[in-house]
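A look at the structure
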Amino acid sequence: MRHNKHSLVLVLVFFLLLPLLSGCWDAMEMERRANVLAIGIDEADEIDQKKDGEVAHLKDSFLKPKGKLMKMTVQIAIPGRIPLGPDQGGEQKPVLVMSVVGHTLEDALINLQQQIADQVFLGHLRIIVLNEKVAKRGTKRLHDVLRRNPEIRRTAALVVSKEAASQYMKLMPGLDRVPSLYLADMVDNLSALGRFPPSFIGLFWTIYSSKGQEAYLPYLTIKQKGIIELKGLAYFKEDKMVGKTSPLEIGVFMAVKGDSEGGYGAFVQVPDTDEMVMVRVRSRKNKMKIERKNGLPHIRLKIRYECEIDEKASFKMKLNDSRVLKSIEKETAKDMKKSIEKLIAKTQAAGSDVFGFGEHFRAKLPQYWNSEIKTKENWARAFQQLTYDVKVDAKIHRVGMKAK
Amino acid sequence: MNTRKITTIQATAILISTIIGVGVLPLPLFAVQEGGTGAPLVTFLGLALGAIGLVILTQLGIRHPQKTIITYSEDIIGKWLGRFCSLFVILFFFILTGLTAREFGEVVVAGVLQETPLEITVIVMLLLACISCRNNINVFSYIHNFYLPIILAPVLIVVALSLKNANLLYLRPIIGTNLPDMFIGTLTISALFQGSFIMTIIIPSMKNPNQAIKASLWGISISGGLYLLLVIATVSVFGTEEMKQILWPTLELARTTAVPGNVLQRLDVIFLAVWVTAVFTTLFSSYFFTIYSIKQLLHIQDHKMLSYFLFPFIFILAMLPQNIFQMYEFIKFVGRAGLLITILYPGLLLMIDFLKNRRLKGSASQQT
């Protein structure tokens, strides 16, 4: 009897262990996944237009969204070929580049899945490159699926490219074995070096959603084979790109926005001479006051620069006098003020408040905001009438290790 | 055998781990939907309302240190009326248990385990709570104590690391714009504190019931403080407009937050893994409360059997909402309606009890 009971328990235990054999429902082997590392989005050209996949819709029976097709180029990691440590030898390409077309991003992803055996996995997506034309036409249709899909990282980078985005996918930069990682790291490091304000896709969405500011993205261009350059800052109005700045204006933008990390340098003419010195910004301090003047929004901006002199461009001039330094400071401040005003005027003309002045008005003058503005469109209009006072103060504290 | 074993600190821990649960994920969205930039204020008001309810309940408990709301309501408003009201209390926590399990399953299926059927995640979680509920109230308190640090730590870490991306402008103006909406928001938020009702079955087992009020206040301010921190962090990182687009802002916050030095580029998976324990303790409490109260209502000796008996009913209830939007509409409605049970009903009981006592004392002094 006792023996029977014992074996009964044993059998029961076996049954209890049985479910463990089945393992995890969501188990997925690494090499069964197609890890998408980067996505480039272009407008489909005439030839590509005809490649419509008819996977997510049929020509007649299922309606399809209006608008042009887009071409999506992806970089997929090939299992086992991503180098993990220092050089592991082998000259094989670590990634596979593919192009598909689709009406929306999800449509393109479905078409992509139709063409590869492994399951498409977006959890390692590091960078999304948008062609300038796509950005100008409007990025709205891309964001929904990116927000909805739980695999997407909010910290992935989003950039605008001058050339076709597909070219970026095919690039083979010499500095890194995995091209897309190089691209993504480049964008991340640019903000660490003070070359660009922080920028990632989550931040883009946050700014795009809020009513008193417009989004911005890095604007890249390909120089020679495999070399990418940060060519400026693309600014948006709602979801459409409306313009771009020069690289130096990124620094100006950061000053107005209130980013303290300096990085840009500029030539400044030494007063009363023809000589130039290179003045580089180390850090900035930004104070902004907002008010209403004659019914219009008005801002008073006070920016204080901490600079250093990196180089003087001539041998004749002497730089060993605190008075000369003072005059350079003044000249610097004057130049900076001019470029700041120019940039504000430029964005005002486009109706794109990339600086986020509107957020200040919304936060600090809620009565004005609620009675007169309320929506993003209204603010874009009010921003065009915004008046401003800019005061710039530059201080040069360092000149390096040279006495003259 | 001494049945009064729960210390004040243990009671506090039970409260904290019960209150912090599934609500952590959608809480900032609820607050922002109704309060806009006033979300932290709405949360604070909700916290205050929840605290008032808890204080009332604790006072009742201190006045009747041997009994729970199921038993002393019979003394206060009469046997049958008391039992009738208790039925609603039990029903409410029964529904709450089902909805908690469902909300948990919904998050897991949408966020991490996409292939796993919803039913499986819900069953596993419910079964866990169901089996744990067979223990007595002392083991109940040990389990809560054991998990408490695991519940608090991840939220604090995510909040601390995310402040790097914060923009204080998003928090202003502090007083939101729409007052009637803010009032509804306050009710919705304070519904998230309803787990604190568990206090009523803890007090009879406390070593020192007079300390219960201390435990209540500490418990609700720590959990409420954590909620407040979360709302402030999410609003300052995302801004109110972006948050309205996100179902679970807290989860999204964890996804945006990276541990410095490229150690972890997103924290959501780790956060979710730990959040499971927080859900478990909440579910455990409401399940325990339901069967414990049924036991007392029906004067059964033991609550163990009830645990399995209720399981299928709770599971079916959890499966009722057709989709996630319907579920949240339901949760919000049930939560707000539940305030009648968790705040108004104890409030009435306390008032009647107070008046009755005075009359008793008055008649007693007349006699002497």
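Quick note: structure is the one above.
A brief structural summary. Counting starts from 1 at the beginning of each chain's written sequence and moves along it residue by residue. Chains and ligands are labelled by the order in which they are written, letters from A for the one and numbers from 1 for the other. In keeping with the model being predicted, local features are shown solely for residues with a pLDDT of at least 70 and side-chain atom pairs are shown and tallied solely at 80 or more, while totals for entire chains, interfaces and linings include all residues. Calculation of side-chain values draws on the structure's entire complement of heavy atoms; hydrogens and water are dropped beforehand.

**Quick notes on the overall build of chain B**
Helix and strand counts for chain B come out as 14 helices and zero strands. What you see in chain B, going N to C, is helices and strands ordered as α-α-α-α-α-α-α-α-α-α-α-α-α-α. For this measure, only C-alpha atoms enter the radius of gyration; the expected value for a globule follows 2.2 Å times N^0.38, where N is the number of residues. For a compact globule of 368 residues, the expected C-alpha radius of gyration is about 21 Å, and chain B comes in at 21 Å, within 12% of that figure. Here the C-alpha coordinates of chain B stretch approximately 75 × 45 × 35 Å along the principal axes. In chain B, 83% of the contacts between residues at least 6 apart in sequence involve partners at least 24 apart. As used throughout, the charge tally considers Lys and Arg to be positive and Asp and Glu to be negative, leaving His and the chain termini uncounted. One atom stands in for each charge, and that atom is NZ of Lys, CZ of Arg, CG of Asp or CD of Glu. Between the mean site of the 23 positive side-chain charges and the mean site of the 15 negative ones, chain B shows a separation of 16 Å. Where helices and strands are cited, they refer to DSSP runs of H or I of at least four residues and of E of at least two residues respectively, numbered from the N terminus. Contacts between residues were defined by any pair of non-hydrogen atoms, one from each residue, lying within 4.5 Å.

**Observations regarding helix α8 (residues 201-209) of chain A**
Of all nine residues that make up α8 of chain A, eight are buried, and the element is covered over most of its length. Only protein chains enter the calculation, and the probe is 1.4 Å; a residue is then buried if its accessible area is under 20% of its type maximum, exposed if over 50%, and partly exposed in between. Taken residue by residue, α8 of chain A has Ile201, Gly202, Phe204, Trp205, Thr206, Ile207, Tyr208 and Ser209 of chain A as its buried positions.

**Thoughts on the pairing of strand β6 (residues 157-161) of chain A**
Residue and element names in this part refer to chain A. Among the five residues that make up β6, five are buried, leaving the element largely enclosed by the rest of the structure. Residue alternation in β6 divides its side chains into two sets, Ala157, Val159 and Ser161 and Leu158 and Val160, and both sets are buried. Any two strands with at least two DSSP bridges between them are considered paired. With five bridges connecting them, strand β5 (residues 127-131) and β6 associate as parallel partners. Directly across from Leu130, in β6, lies its bridge partner Val160. When β6 meets strand β7 (residues 216-222), the two strands line up parallel, connected through two bridges. Residue pairing across strands places Ser161 opposite Leu220, the latter belonging to β7.

**Focus: the interface of chain B and chain A**
Of the residues lining the interface, 28 residues belong to chain B; the matching set on chain A comes to 26 residues. Buried area between chain B and chain A, summed over both chains or domains, comes out near 2,400 Å², and the portion from carbon and sulfur atoms is 50%. The largest per-residue losses of area from chain B upon contact with chain A belong to Leu169, Glu242 and Arg255 of chain B, which jointly make up 23% of the total buried on that side. Here, a salt bridge means any side-chain nitrogen of Lys or Arg that lies within 4 Å of a carboxyl oxygen of Asp or Glu. Run the count over chain B and chain A and you get four salt bridges. In the analysis that follows, any N or O atom pair within 3.5 Å is treated as a polar contact, provided that within protein one partner can donate a hydrogen and the other can accept it, and provided that, for residues neighboring in sequence, both atoms belong to side chains. Where chain B touches chain A, the interface holds nine residue pairs in polar contact (both at pLDDT 80 or more). Accessible surface is computed with a 1.4 Å probe, and the buried area is the amount of it that two parts give up when combined, taken over both parts together.

Interpretation note: all reported values are geometric properties and have no functional meaning in isolation.
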